[in-house]
Amino acid sequence: MTTIATFEEIKAKQRATWGSGDYGKIAWVTVPVAETLVAAVDPRPGATVLDVATGTGHVALAAARHFAAVSGIDYVPELVATAEQRARAEGLPVDFREADAENLPFADDSFDYVVSAIGVMFTADHQRAADELVRVAKPGGRIGLASWTPTGFIGQLLKTVGRHAAPPPGALPPTRWGTEEVLRELFGERVSSVETTVAKVTQRFTSAEHFADFFLTYYGPTYKAAERLDEDGRRAFRADVIELAKAANHATDGTFAADWEYLIAIATKA
């Protein structure tokens, strides 16, 4: 009989996943996504901005370059430390904190903009995380999200991960956040509007094999999945990741180039 894991148990596994590998070597992949999200939200100078699940701080730093008053939270201390280092290097006054997206340490109606790029989608309790995004936004404030879609390249990669190393029973697919229908359900009548746009970012590696090995070495979800497998299982997993990359590849020079699809969503708090 399968026992359904609690959200707290799932969260503990997720925290271990994002603390594994070396996300700092992966994070640059989402820089264009973060920049696109901030451009879509367009925070005005002097506005208050919260970047939820900030990782190494891409969105927070981009918002700070708009001269906004920015805070960023993440529950992985190593990522927060990297974000702080980056802010110091640029001389940007961002308030980074170690905190949980499902229990934000801020009062109701605190921020003009609440944003997250490829971050909040990986929470355990999706409804609780969505509730927190809305709670800390001011009335009339904007909630901006960038999330991988279920049908896009990373959505398919995560499905491949699940086929080789099943997630805990009860875990919700993170790419649910990459669909407008689910976002409307999560936010409900607490927002007056939800506007979505599908975007793509082109990523390049020296080959499909290079992509597979890079992600298996540094990206938490693929790293932890491979760790759970025996030698034959890891070999089969790597082969499937390579095949996925080859199927998506549109480079004609022997390298790897693929368009990774994500959803930009902007909601306005009622």
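Residues numbered from 1 in each chain as written. Predicted model: local features only at pLDDT ≥ 70, side-chain atom pairs only at ≥ 80, totals over all residues. Heavy atoms only, no water.

### Describing the overall build of the chain
Alright, step 1. The number of helices and strands found in the chain is 11 helices and 7 strands.
Alright, step 2. Its C-alpha atoms give the chain a radius of gyration of 18 Å, near enough to 18 Å, the size a compact globule of 270 residues would have.
Alright, step 3. In terms of principal-axis extent, the alpha carbons of the chain reach across some 55 × 50 × 35 Å.
Alright, step 4. Buried residues in the chain amount to 53% of all 270 residues.
Alright, step 5. Sequence separation of 24 or more characterises 79% of the internal contacts of the chain that already satisfy a separation of 6 or more. (Helix = DSSP H or I, 4+ residues; strand = E, 2+ residues; numbered from the N terminus. Rg over C-alpha atoms; globule rule 2.2 N^0.38 Å. Buried < 20%, exposed > 50% of the residue type's maximum accessible area, 1.4 Å probe, protein only. Contact = heavy atoms within 4.5 Å.)

### Some words on the sheet that holds strand 7 (residues 256–269)
Alright, step 1. Here we have 7 strands laid out as an open sheet, ordered 3-2-1-4-5-7-6, and mixed in their pairing. For this open sheet the edge positions go to strand 3 (95–98) and strand 6 (191–205), each flanked by a neighbour on one side alone. Neighbour to neighbour, the strand axes of the sheet diverge by 15° on average, direction disregarded.
Alright, step 2. Two strands pair when backbone bridges link them, and strand 5 (residues 137–148) and strand 7 are joined in this way by 7 bridges, in the antiparallel orientation. Within strand 7, the residue paired with arginine 142 across the bridge is threonine 268. (Pairing = 2+ DSSP bridges. Axes fitted to C-alpha atoms, helices over the stretch in contact; angles between N-to-C directions.)

### Some thoughts on the packing of helix 7 (residues 153–164) against helix 11 (residues 231–248)
Alright, step 1. Running from N to C, helix 7 and helix 11 point in directions that differ by 160°, and their axes come no closer than 10 Å. The angle between helix 7 and helix 11 places the two elements in the roughly antiparallel class. The chirality of how helix 7 crosses helix 11 is right-handed. Contact residues: Phe153, Gln156, Leu157, Thr160, Val161 and His164 in helix 7; Gly233, Ala236, Phe237, Asp240, Val241, Leu244, Ala245 and Ala248 in helix 11.
Alright, step 2. Classifying every residue of the contact of helix 7 with helix 11 gives 9 nonpolar, 4 polar and 1 charged. (Parallel < 35°, antiparallel > 145°, perpendicular 65-115°, else oblique. Left-handed = near helix turned anticlockwise from the far one by under 90°. Nonpolar A, V, L, I, M, F, W, Y, C, P; charged D, E, K, R; others polar.)

### What about the packing of helix 9 (residues 208–218) against helix 10 (residues 220–227)?
The geometry of a pair of packed helices is captured by two quantities: the angle between their axes and the separation between those axes.
Alright, step 1. Where helix 9 contacts helix 10, the axes come no closer than 5 Å and their chain directions differ by 80°. Judged by the angle between their axes, helix 9 and helix 10 are roughly perpendicular. Only Gly220, Thr222, Tyr223 and Ala226 of helix 10 make contact with helix 9, whose side of the interface consists of Phe215, Leu216, Thr217 and Tyr218.
Alright, step 2. The residue makeup of the contact of helix 9 with helix 10, split by class, is 5 nonpolar, 3 polar and no charged.

### A word on the nonpolar core
Alright, step 1. Ranked by internal contacts, the top residues of the largest apolar core, which has 94 residues, are Trp148, Trp177, Phe187, Phe211, Phe215 and Trp260.
Alright, step 2. Ranked by residue count, the leading element in this core is strand 7, at 9 residues. (Core = buried A, V, L, I, M, F, W, Y, C linked by side-chain atoms within 4.5 Å.)

### Details of the pattern of salt bridges
Alright, step 1. Scanning all chains against the criterion turns up 15 salt bridges.
Alright, step 2. A salt bridge links glutamate 180 to arginine 184; the nearest nitrogen and oxygen atoms lie 2.9 Å apart. Note that glutamate 180 and arginine 184 are positioned in helix 8 (residues 180–187) at a spacing of 4 residues, about one turn of the helix.
Alright, step 3. Residue glutamate 180 is classed as partly exposed on the basis of its relative accessible area of 29%.
Alright, step 4. Here the salt bridges share partners, and the residues they tie into one network are Glu35, Arg65 and Glu90. (Salt bridge = Lys/Arg side-chain N within 4 Å of Asp/Glu carboxyl O.)

### Section: the pairing of strand 5
Alright, step 1. Pairing of strand 4 (residues 111–117) with strand 5, which is carried by 6 bridges, proceeds in the parallel orientation. Across the sheet, the residue bridging to valine 115 is glycine 144, located in strand 5.
Alright, step 2. In the classification by handedness, the crossover that spans strand 4, the intervening helix 6 (residues 126–136) and the parallel strand 5 is right-handed. (Right-handed = clockwise from strand over helix to strand, strands pointing away.)

### Overview of helix 8
Alright, step 1. Buried within helix 8 are the following residues: Val182, Leu183, Leu186 and Phe187. Buried residues of helix 8, viewed axially, fall in a sector of 125°; they line one side. Turned more than 90 degrees off the buried face of helix 8, the exposed positions are Glu181 and Glu185.
Alright, step 2. Following helix 8 by one or two positions, glycine 188 adopts a phi angle in the positive range, close to 60°. (Arc of directions from axis to C-beta.)

### Observations regarding the packing of aromatic side chains
Alright, step 1. Going through the model one piece at a time under the given rule, you end up with 18 aromatic pairs.
Alright, step 2. Considering the side-chain rings of phenylalanine 205 and phenylalanine 256, the 6.1 Å spacing of their centres and the 40° angle between planes classify their relative orientation as tilted. Highlighted residues: phenylalanine 205 in strand 6 and phenylalanine 256 in strand 7, separated in sequence by 51 residues. Side by side, phenylalanine 205 and phenylalanine 256 carry an identical accessibility label, which is buried.
Alright, step 3. Here a set of aromatic residues connected by ring pairs shows up, and it is made of Trp28, Trp148, Phe153, Phe205, Phe211, Phe214, Phe215, Tyr218, Tyr219, Phe256, Trp260 and Tyr262.
Alright, step 4. Residue placement shows lysine 25 over the ring face of tyrosine 218; its charged tip is 5.6 Å from the ring centre. (Phe/Tyr/Trp six-rings, centres within 6.5 Å; stacked < 30°, edge-to-face > 60°. Lys NZ or Arg CZ within 6 Å of the ring centre and 35° of its normal.)

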